[in-house]
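Here are the chains, one letter per residue:
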Amino acid sequence: MAESDALPNPPPLAALIAGGAIALFLDFDGTLVEIAPAPDAIDVPVDLGRALEILDQKIGNRAALVSGRSLEDIARYLGKVEIARAGSHGAACQWADGRWLGAEPKGLSDAVVAQLQGFATDCGLDYEVKTHGGALHFRSNPGLAEPALTFAREIAASEGLTVKTGKCVVELVQPGADKGSAVHAFMAQEPFAGAIPWFIGDDLTDEDGFAACHALGGSSVLVGHRPGSLAQYSLPGVSSVREWLGL
Ligand SMILES: [Mg+2]
């Protein structure tokens, strides 16, 4: 049995709210929406953005989306959702009203983008431009995972960049930010400061968020299963996450 199989379900959200101020950090793909064969093929309920705003109000405006997607990409699916959000694995953090938290993200150089796009075209992969970097998606061809990772690592080593891997995606990003740093950045400011933070996510990159929440006296919910996860609780999938959150 995988280690994460043994994780209990989290207490009901209502019980957490009744127990004191909480903050919720929510991953997007694989957590709030089902993973799709291609990143632009996700099925997003039309009212998800509004439902997240209502949840945000219920917990004192201490909900934040924390996604590997760029903020622009999230806005494409959720519209102008007025809750705090961190895109690009924490490299781009914004408040509900659009003000930046921390520095505006810096993208990759034109030369690196050209190399990544060339590789994607040659191999038939999807290349996604991100505010802070670039992503090679191989959901439609999982056999290209190793070549894509090798290529990304070579560029990262020569350009001083960081490689991040997710489900069927490898990304090159500017070093320094991760989902954990986004949690710390929000938690250092009102209205998040002093609340108990909870991170809910399914990806390897969410482990940084789990660790940050634990360091701040909070907790974590793994969506699905992963042996060795730091998470303290788990929920089996997207529908159970939405149910737990009341979305
Ligand atoms: Mg995810």
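Residues numbered from 1 in each chain as written. Predicted model: local features only at pLDDT ≥ 70, side-chain atom pairs only at ≥ 80, totals over all residues.

A. A look at the pairing of strand S8 (residues 162–166). Here S8 runs beside strand S9 (residues 169–173); their pairing, made up of five bridges, is antiparallel. Looking at S9, one finds that Gly166 is bridged to Val169. Between S8 and S9, which pair antiparallel one after the other, the connecting turn spans two residues, and Cys168 there sits at a positive phi close to 65 degrees. (Pairing = 2+ DSSP bridges. Helix = DSSP H or I, 4+ residues; strand = E, 2+ residues; numbered from the N terminus.)

B. View of the nonpolar core. Ranked by size, the top nonpolar core spans 58 residues in total, and within it Phe25, Ala64, Leu136 and Trp198 carry the most contacts. Ranked by the residues each element gives to this core, the list is headed by strand S1 (residues 22–26), at five residues. No fewer than three residues from each of domain 1 (3–104 + 177–245) and domain 2 (110–173) sit in this core. Among residues more than four places away in sequence, those in contact with Phe25 are Ala64, Val66, Val183, Pro197, Trp198, Phe199, Gly209 and Cys213. (Core = buried A, V, L, I, M, F, W, Y, C linked by C-beta atoms within 7 Å. Buried ≥ 20, exposed ≤ 12 C-beta atoms within 10 Å, placed from the backbone. Domains from an automatic or database assignment. Contact = placed C-beta atoms within 7 Å.)

C. The packing of helix H4 (residues 110–123) against helix H5 (residues 145–159), seen in detail. Where H4 meets H5, the closest approach of the two axes is 12 Å, and the angle between their N-to-C directions is 165 degrees. By the angle between their directions, the pair H4 and H5 is classed as roughly antiparallel. The way H4 lies across H5 gives a crossing that is right-handed. Contacts between H4 and H5 pair Val112, Gln115, Phe119 and Cys123 from the former with Pro147, Phe151, Ile155 and Glu159 from the latter. Grouping the constituent residues of the contact of H4 with H5 by class yields six nonpolar, one polar and one charged. (Axes fitted to C-alpha atoms, helices over the stretch in contact; angles between N-to-C directions. Parallel < 35°, antiparallel > 145°, perpendicular 65-115°, else oblique. Left-handed = near helix turned anticlockwise from the far one by under 90°. Nonpolar A, V, L, I, M, F, W, Y, C, P; charged D, E, K, R; others polar.)

D. Representation of the domain arrangement of the protein chain in the model. Entries for the protein chain in the domain assignment read domain 1 (3–104 + 177–245) and domain 2 (110–173). Computed from C-alpha coordinates alone, the two centres of domain 1 and domain 2 are separated by 25 Å. Listed per partner, the contact involves 17 residues of domain 1 and 14 residues of domain 2. Classifying every residue of the side of domain 1 that touches domain 2 by side-chain character gives eight nonpolar, seven polar and two charged.

E. Region of interest: the sheet that holds strand S4 (residues 92–94). Within the open sheet, the eight strands sit side by side as S5-S4-S3-S2-S1-S10-S11-S12. Their pairing is mixed. A single partner strand is all that each edge strand has here, and the edge strands are strand S5 (100–101) and strand S12 (233–235). Sheet analysis places S4 next to S5, joined by two bridges and oriented antiparallel. The residue of S5 that forms the bridge with Cys93 is Leu101.

F. Spatial organisation of helix H3 (residues 71–78). Leu71, Asp73, Ile74 and Leu78 are the residues of H3 that are buried. For H3, the angular spread of the buried residues around the axis is 160 degrees, confining them to a single face. Where H3 is buried, its residues meet helix H2 (48–58), strand S2 (63–66), strand S3 (84–87) and S4. Remark: Gly79 follows H3 within two positions and exhibits a positive phi of approximately 75 degrees. (Arc of directions from axis to C-beta.)

G. Just the packing of helix H6 (residues 179–187) against helix H7 (residues 206–215), in detail. The geometry of H6 relative to H7 is characterised by a closest axis approach of 6 Å and an angle of 35 degrees between their N-to-C directions. Together, Lys179, Gly180, Val183 and His184 of H6 and Asp206, Asp208, Gly209, Ala211, Ala212 and Cys213 of H7 make up the contact between the two elements. Class assignment of the residues belonging to the contact of H6 with H7 gives a composition of four nonpolar, three polar and three charged.

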